[in-house]
Amino acid sequence: MQFPILSLIVFAPLVIAVLMLLYKPERKTEVRVTALAAAIFELVLSGWVYLQVYLNSATPGYQFQEKYSWLPALGISYHVGVDGLSAPLVLLTGIVMFTGVLISWGIDDRPREFFAFLFLLAGGVFGVFVSLDLFMLFFFYEIAVFPMYLLIAIWGWKVTREYAAMKLTLYLFIGSVLALLGGLAMYFTNYQMHGTLTFDMLDLEKAGFSQAFQYLWFLPTFMGFAVLGGIFPFHNWSPDGHVAAPTAVSMFHAGVLMKLGAFAALRVGIMLLPEGAKQWVWLIFGLAMVNVVYGAFIAMIQTDLKYVIGFSSVSHMGLVSLGFATLTREGMTGAGLQMFSHGVMTALFFAAVGMVYDRAHTRQIPELGGMVKPLPFVAIAFIIGGLVSMGMPGFSGFIAEFPIFMGVWQTHWFAAVIASISIVITAAYILLAIRRSFFGDLPPQFEGHIGAISVLDKVALGTLSLIMITLGLFPNLMVPMVSSGVQNVLRLLGGA
Amino acid sequence: MDFISTHLLTTILFFPVLAALVIFFLPGDQVKTIRWTALLASLIPLGLTIFLWAQFTQTAGGFQFQETYPWYEAIHSSFHVGVDGLSLTMVLLTTLLTPLAILASFSITDRVKAYMMLFLFLETGMLGVFVAMDLLIFFVFWEIGLVPMYFLINQWGSPKGERELWGGMKVSARNYASLKFLIYTMAGSLGLLLAIQMLGVLFQNYDLAYLYQQWNALSPDTVLMGMSAATVKTVAFWAFVIAFAVKVPVWPFHTWLPDAHTEAPTAGSMLLAGVLLKLGAYGFLRLVLPLYPQQSHDYAGWLAFLATMAIVFGAFAAYGQKDFKRLVAYSSINHMGFVLLGIAAAATAIGTQDATIALNGAVMQMFNHGLSAAGMFFLVGVIYERTHTRNLDDFGGLFPLVPIYGGILIFTSMASLGLPGLNGFVSEFLVVRGSLPLLPVFTAISMLGLLFTGAYILKGIRKVLHGPLNEIWAHGEHRLTEINTREIVVMTPLMVLMLFLGIWPMSLLDVINKAMLMLFSH
Amino acid sequence: MSLNFLAILPEIMILTVGILVLILDPFWKDENRRVYLGWLTAGGLTATLIVALLIGRPAEAALAFGGMIRFDMLGFVFKMLFIFGAAITALFMMDTAKIGGRAEAYLLLLAATIGMSLMASASDLVMLYLAVESTSIPMYVLAGFLLDDKKSTEAGFKYLLFGAMTSAIFLYGLSLVYGFTGTTHFAELAGYFTSPNLISLGLVFLVVVGISFKVSLVPFHFWAPDTYEGAPTPIAGFLSTASKAAGFAVLIRFFLTVFPQVANDWQIILAIVATLTMTLGNLIALGQTNLKRLLAYSSIAHAGYALIGIVANSKLGTTGTIFYLMAYILTNLTAFGVIMAFERVTGSSDIRAFDGLSRRSPYLGLVMLVAFLSLAGMPPFGGFIAKVLVFAGAIESGWYWLVVVGILNSIIGLYYYLTVLKYVYLYRMEGEDEEAHPLPVSRPFVIAIVVLTLGIILIGTLFAPWYGFSNQAALSLF
């Protein structure tokens, strides 16, 4: 038996979370050090998994599989494994966790609870990404959702945190139970058809559900998860949530959690109900288009830096859904890459915005300015993030968006034309935001009040920036494995 | 050495980036070290390019020094670079102008480190476009070059000046100009991006040689996306044309250029006019004509019309300017119009001798304009640094005060004007010679524009150097100082080349001609 | 050992504990020694639990005492639940003022537990009625135990009045059943209700009314909030968990054994009742400012969820209901436990009083978090898997609309549970000096709360054995 590395990845954060709660509340430094050590550990593990999957991307299917029965009577098993689509997301989670801990070093109000909840969240996220069992996926999905409420409500931005946290939790909860309903329907239908009770997705993939069944259940299942992916018109929770959340949580939220929704929508919605996907794809496609264009327009008129990023996330996650909805190799590969790229990018954005806000105590773009002088490193990082966001070639955003557009060309060419408008709009608002907040004159009230960022912050920003550039220059570091993952999806869709 | 000779192009291409990374780790207050590092670093690609030129087999057509590396296998794009005579000329222009621009920037004192890094990034971005043999790689570099330029204008542009937007909101002029530059170019390239995507989807390949062949082999009756291939090609043709026309820039897409030039720092203007505008023209030659011979032929009249408008309006507008730098900026529009005219003429009758002559003229004009525009912008910068004004009415009679500067200015202006014996004459003559039989009317009108070229250049010289002396510059704290050695060093290679190419154009034309024959042999 | 003995082994042991309490009461007059009564009760119940689990498990279902009780897994699992609940309640009672030192309180608790155990295994109408009454009467007394407290007295009386009335209706229903069939035995009764008709419908209705009161289903829930609020808090906790589960035990056994043939009739009635119960409970809970009242309404709502599994009328559904009750008992006892521990120090269970709880006592805050998230149905806590199971049961039987109602209700539930956590975690005490107001928690509470919290997590993560129990219990009826 091979070493259960995936289980280690999933459960280490949960165990650490519990252990941290056993510290005395006053021992804040110990808590932070523990958190950082654990995050590095997770990063190394997830990096290793990524590397292994990358090296084996020629072999299709899931790797590092572990399967133990959990509730055999009902066919619930603990079944984990990664493929080319999930391995980058596991790595992404590791990265965001690591940088998130670095960024959160300065949290002074109950850091013990903060890191414990954050790790609980991380454990849930890892769990979803590696799940090959539908029940287990729901289980971890919910674990990932509820710590969000506490993290936002307790450590969030005082003005909107209660409202935003509740809104977010309710939206996501509604979505997830909707999807759960779909999952249970699949489970029982599979039982009626084949006489075996199983939640194992590898078995459910082979169930061969009828057209009518898939037609009926695809939409609730897909949309239920897609809520977390920020799909229009259920995207509303996301910018509010981003804004209200503390920095590290925003990073997790936009960087990883939204991917969770998109990933689960793909894994459960499209992969288990491929025929339904084919029938409903027009709707998903249309909604994703709205996401892309509408999100960009709304982002343009925001004055709060975090709202700008929040709506840009809506727009960019729309590209992910769009990529899925093309049901083509290019589109899905692009969507897979976009999930990773966008995750790193928004993490960087929110980290940078958080650093500015911590010092200037405002995120209103008109009130900011000239931040490049006191915070040059942050400015550079933000600019790099901006370039990724604009889909500038040479950065990961381009690598991801280009194939998505190629996919769109193959399905509805005019949509590519419309969606491309968002690129220019994105460029406009990102550049405006960069210029207004980081360049120009430093407002007099900030003179001498903007302290430099710490080494830890620099490490975090540097790591994130470097990843995006590296991926942008050497797409082959990720693309083959994502393609191999997509291959599996296409197989289920009956394509090549 | 072996590595360099087998990876010559990639070395040239990425050396500036490496240098920029080195500079990144230098301490920010060691301004001198940074400047000299940047200069030396930019001289090495120049040296390598000269070596490349020497190694280049002129008699052999086609692309040489090709290198291919896997890049984005999933969508069948590879990192494929190579040069032919056309690219080689442009690579030389770029590697030549970059060190000069860096040398010209020694007067910059604000955030030197970032400035120099951006310049080196810019160089790589520009070079990449010229050597790319993969459509996607072409686009990557095409876009990437925008970023350093944006920040150069935005951050190191002239700090004064305001622009009123609609709604009465006032923004600083450099912000306005830089954003306009970026948005124009990006919006212009959108069509290009989409067309590239479409090509990629159609052929599952981005290699230029492959695309030339396959795309042209496509029967016009093939149905693509519910339309005939001919329609699709026409739309894609215009998408390409607009992207490149914005960059050239061609009337009526030119309005970003005067703003960008006016606000850009001197060295930025040098590269902007010297190389960046050539990217657009290069795009016409490398992509539009070979990929769309039929459409180019069909719409050559339109292109010629745009070119003529650029020439005439550019000249008129230049004449009307009071700002010295704007004057030079509009002159660029005027000169680049000739490039497009040559291209349009060639499009009407590809393969004929006239067309080849016109193309040779266009390419040479690109090179020449690179030299003269860079020189002119630098000279404007020189005087601006001393007087902090660019208003032509503020100057006057400066020749006696700064005779050397005056001489250089006159020499460069003459090259720009197209004085026989200097380079500008050769290329413009070739363009006109080639175009006249093919597009007589447009060429005739353009000749009218040429007349005004003389007018505005002479006006510039007169306003600055001659006429009554503005006493402010003669005495006291505003006393004008002569051009210094560093600045002369910047100008010397430019002037030498202007003269050399004017006298012995064949040195360059041979290379160009081969490439043109190869590219448009059918 | 004889079947009859094994069948009532737990009851015998509980009775023994009760007698011990009575005997030892006079010897422990000293104030410091009164807590021994509590330890004795809790310890005795735990011993009962262990012994019963070790040797008292029914191999296969069998009738004992001439068919009065049925010795099967269903009854056994429920008995274990009641005993566990009673043991925890005894721990809670020990440090509660005016009740902790009173031997009769423990005795009443034990008596009620015996009654519940018999309810769970009764398979004869007469036995059933006796068991119900012997559960109810001690509970009436316990609810009104604090004689000098008006609210407690009111709680006791209200409970008594409602209880007496519904008992009468129940009894009337039972007598009609006997009248129509001439038998009191469940298994024989089943033979008489083979096709749906008006009579069976009416009978179902009357029985439902009787039991609805015990499990506080709408519209027979009115007593619950007032009683929970007024009764001594440990008793309220016991009422809302074990007592409710006992009602469910009867409901499950009665409907699945007596009326299996007329399922269509009672399924729809129960479905409507479940809908009303969930919706009303949750909606009213939204507006509560007292945590005990909030839990009262929430426990009404939870009765509705649990009912969904019975409506499904299937193995999975029944298993789900039993599992649900297990998780619910653990969770609700935890919630009440935290409130008691808190109330003991502060004297208030108003929601505003919980401001800054997590700063005053981080662990109490965490336990509160666990309990309320489990109530809301979040993994990795018991409430999640429990909800999934009852919903799965309903989906399997095609009750989609009921599941949708359940889901909508969970959303409302999530809202107010999270709101409570906001007080605990987010808001601060007036003056923001939480450190100056520590919350000492006494040892019995610590033991009880730790056991319960671990239980919630255990049942929510390693659910296979618990599912196994529930499933065996359910299977004993099919």
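Residues numbered from 1 in each chain as written. Chains lettered and ligands numbered in written order. Predicted model: local features only at pLDDT ≥ 70, side-chain atom pairs only at ≥ 80, totals over all residues.

As for the overall build of chain B
Move 1: Summing up its helical and strand segments, chain B has 21 helices and 6 strands in all.
Move 2: Expected size for 522 residues packed as a compact globule is a radius of gyration near 24 Å; at 22 Å, chain B falls within 12% of this value.
Move 3: Judged by the C-alpha coordinates and their principal axes, chain B covers about 75 × 55 × 55 Å.
Move 4: Classification of the 522 residues of chain B by burial places 60% in the buried group.
Move 5: Within chain B, contacts between residues at least 6 apart in sequence are counted, and of these 79% link residues at least 24 apart. (Helix = DSSP H or I, 4+ residues; strand = E, 2+ residues; numbered from the N terminus. Rg over C-alpha atoms; globule rule 2.2 N^0.38 Å. Buried ≥ 20, exposed ≤ 12 C-beta atoms within 10 Å, placed from the backbone. Contact = placed C-beta atoms within 7 Å.)

Things to note about the overall build of chain C
Move 1: Each helix and strand counted, chain C has 20 helices and 2 strands in total.
Move 2: For chain C, whose C-alpha radius of gyration is 21 Å, the value lies close to the compact-globule estimate of 23 Å for 478 residues.
Move 3: The dimensions of chain C, computed from C-alpha atoms along their principal axes, are 70 × 55 × 40 Å.
Move 4: When the 478 residues of chain C are sorted by exposure, 62% land in the buried category.
Move 5: Considering only contacts within chain C whose residues lie at least 6 apart along the sequence, 80% involve residues at least 24 apart.

Observations concerning the interface of chain B and chain A
Move 1: Contacts between the two partners involve 27 residues from chain B and, on the opposite side, 27 residues from chain A.
Move 2: Ranked by residue count, the leading element in the side of chain B that touches chain A is helix α8 (residues 173-203) of chain B, at 13 residues.
Move 3: Taken together, the residues that form the side of chain B that touches chain A break down as 20 nonpolar, 5 polar and 2 charged. (Nonpolar A, V, L, I, M, F, W, Y, C, P; charged D, E, K, R; others polar.)

Topic: helix α5 (residues 112-131) of chain B
Because the α-helix completes a turn every 3.6 residues, residues three or four places apart line up on one side.
Move 1: The end-to-end C-alpha distance of α5 of chain B, which contains 20 residues, comes to 29 Å, matching closely the 28 Å that a straight helix rising 1.5 Å per residue would cover.
Move 2: Counted residue by residue, α5 of chain B has 20 buried out of 20 residues, so it is predominantly covered. (Expected span 1.5 Å × (residues − 1).)

A few points about unusual backbone geometry
Move 1: Following F232 of chain A, the chain continues into P233 of chain A via a peptide bond in cis, with omega recorded as 0°.
Move 2: Note on placement: P233 of chain A falls in the loop between α8 (211-226) and α9 (237-244).
Move 3: A cis amide bond links P379 of chain C with the next residue in sequence, P380 of chain C, at an omega value of 5°.
Move 4: By the secondary structure assignment, P380 of chain C is in the loop between α16 (362-376) and α17 (382-396).
Move 5: A positive phi is found at L327 of chain A, a non-glycine position, where the angle reads about 55°.
Move 6: Checked against the element boundaries, L327 of chain A lands in the loop between α12 (305-326) and α13 (329-360).
Move 7: On the basis of neighbour count, L327 of chain A is assigned to the buried category, with 23 C-beta atoms found within 10 Å.

Looking at the environment of E401 of chain A
Move 1: In this structure, E401 of chain A sits in helix α15 (residues 396-411).
Move 2: A sequence separation of 172 residues divides E401 of chain A from G229 of chain A, and the C-alpha atoms of the two residues are 17 Å apart.

Topic: the domain arrangement of chain C
All names here are of chain C.
Move 1: Under the domain assignment, chain C is made up of domain 1 (1-168 + 223-255) and domain 2 (262-478).
Move 2: Just the C-alpha atoms count here: the centres of domain 1 and domain 2 sit 21 Å apart.
Move 3: Contacts between the two partners involve 32 residues from domain 1 and, on the opposite side, 39 residues from domain 2.
Move 4: The greatest single-element share of the side of domain 1 that touches domain 2, amounting to 14 residues, is contributed by helix α11 (residues 233-258). (Domains from an automatic or database assignment.)

So, the interface of chain A and chain C
Move 1: Contacts between the two partners involve 25 residues from chain A, matched on the other side by 27 residues from chain C.
Move 2: Of all the secondary-structure elements, those providing two or more residues to the side of chain A that touches chain C are β1 (63-71), α5 (134-155) and α6 (161-194) of chain A.
Move 3: Per element, the largest residue contribution to the side of chain A that touches chain C is 11 residues, and it comes from α6 of chain A.
Move 4: Of the residues assigned to the side of chain A that touches chain C, the class counts are 22 nonpolar, 1 polar and 2 charged.

Considerations on the packing of α8 of chain B against helix α10 (residues 229-247) of chain B
Residue and element names in this part refer to chain B.
Move 1: Running from amino to carboxyl end, α8 crosses α10 at an angle of 150°, the nearest separation of the two axes being 8 Å. Compared by their axis directions, α8 and α10 come out roughly antiparallel. Considering how the two elements wind past one another, α8 and α10 form a crossing that is left-handed. Touching Y184, T185, G188, S189, G191, L192, L194, A195 and M198 of α8 are A236, A239, F240, I242, A243, V246 and K247, all from α10.
Move 2: Here the residues of the contact of α8 with α10 sort into 11 nonpolar, 4 polar and 1 charged. (Axes fitted to C-alpha atoms, helices over the stretch in contact; angles between N-to-C directions. Parallel < 35°, antiparallel > 145°, perpendicular 65-115°, else oblique. Left-handed = near helix turned anticlockwise from the far one by under 90°.)

A short note on the packing of helix α17 (residues 403-417) of chain B against helix α19 (residues 440-465) of chain B
Residues and elements named next belong to chain B.
Move 1: Two elements in contact, α17 and α19, have axes whose closest approach is 10 Å; the angle formed by their N-to-C orientations is 170°. In terms of orientation, α17 lies roughly antiparallel with respect to α19. Here α17 contributes G406, L409, I410, S413, S416 and L417 to the contact with α19, which in turn contributes T453, G454, I457, G460, I461, V464 and L465.
Move 2: By residue class, the composition of the contact of α17 with α19 is 7 nonpolar, 6 polar and no charged.

Topic: the pairing of strand β2 (residues 77-83) of chain B
Move 1: The element β2 of chain B is largely enclosed, with a buried count of 5 among its 7 residues.
Move 2: Between the antiparallel neighbours strand β1 (residues 64-72) of chain B and β2 of chain B lie 4 residues, among them H76 of chain B with a positive phi of about 60°. (Pairing = 2+ DSSP bridges.)

What about the arrangement of the chains?
Move 1: The chain pair with the greatest number of contacts, out of 2 pairs of chains in contact, is formed by chains A and B.
Move 2: Taking C-alpha atoms only, the smallest gap left between chain B and chain C, which are not in contact, amounts to 39 Å.

Here's the deal with the environment of A239 of chain B
Residues and elements named next belong to chain B.
Move 1: Looking at where A239 falls in the secondary structure, it is placed in helix α10.
Move 2: You can call A239 buried: it has 21 C-beta atoms within 10 Å.
Move 3: Expressed as a C-alpha distance, the spacing of A239 and L193, which sit 46 residues apart in the sequence, is 8.7 Å.

Re the confidence of the model for chain C
Move 1: Residue-level pLDDT values for chain C average 89, and 100% of them are 70 or greater.
Move 2: Scored as a complex, the prediction yields pTM 0.89 and ipTM 0.89. (pLDDT = per-residue confidence, 0-100.)

Considering the pairing of β1 of chain B
Move 1: With 6 bridges joining them, β1 of chain B and β2 of chain B adopt antiparallel strand pairing. By the bridge assignment, Y72 of chain B is partnered in β2 of chain B with S77 of chain B.

Describing helix α2 (residues 9-24) of chain C
Residues and elements named next belong to chain C.
Move 1: Given a rise of 1.5 Å per residue, 16 residues ought to cover 22 Å, and the 22 Å separating the end C-alpha atoms of α2 matches this to within 8%.
Move 2: Of all the positions in α2, only P10, E11, M13, I14, V17, G18 and V21 are classed as buried. On an axial view of α2, the arc spanned by its buried residues comes to 165°, and they lie on one face. Opposite its buried face, α2 presents the exposed residues I19 and I23, each directed more than 90 degrees away.
Move 3: Those residues of α2 that are buried are in contact with α3 (35-55), α4 (73-94) and α5 (103-121). (Arc of directions from axis to C-beta.)

Looking at the environment of A114 of chain B
All names here are of chain B.
Move 1: Considering the arrangement of structural elements, one finds A114 in helix α5.
Move 2: Classification of A114 as buried rests on a count of 22 C-beta atoms within 10 Å.
Move 3: Residues A114 and F151 lie 37 residues apart in sequence; the distance between their C-alpha atoms is 9.7 Å.

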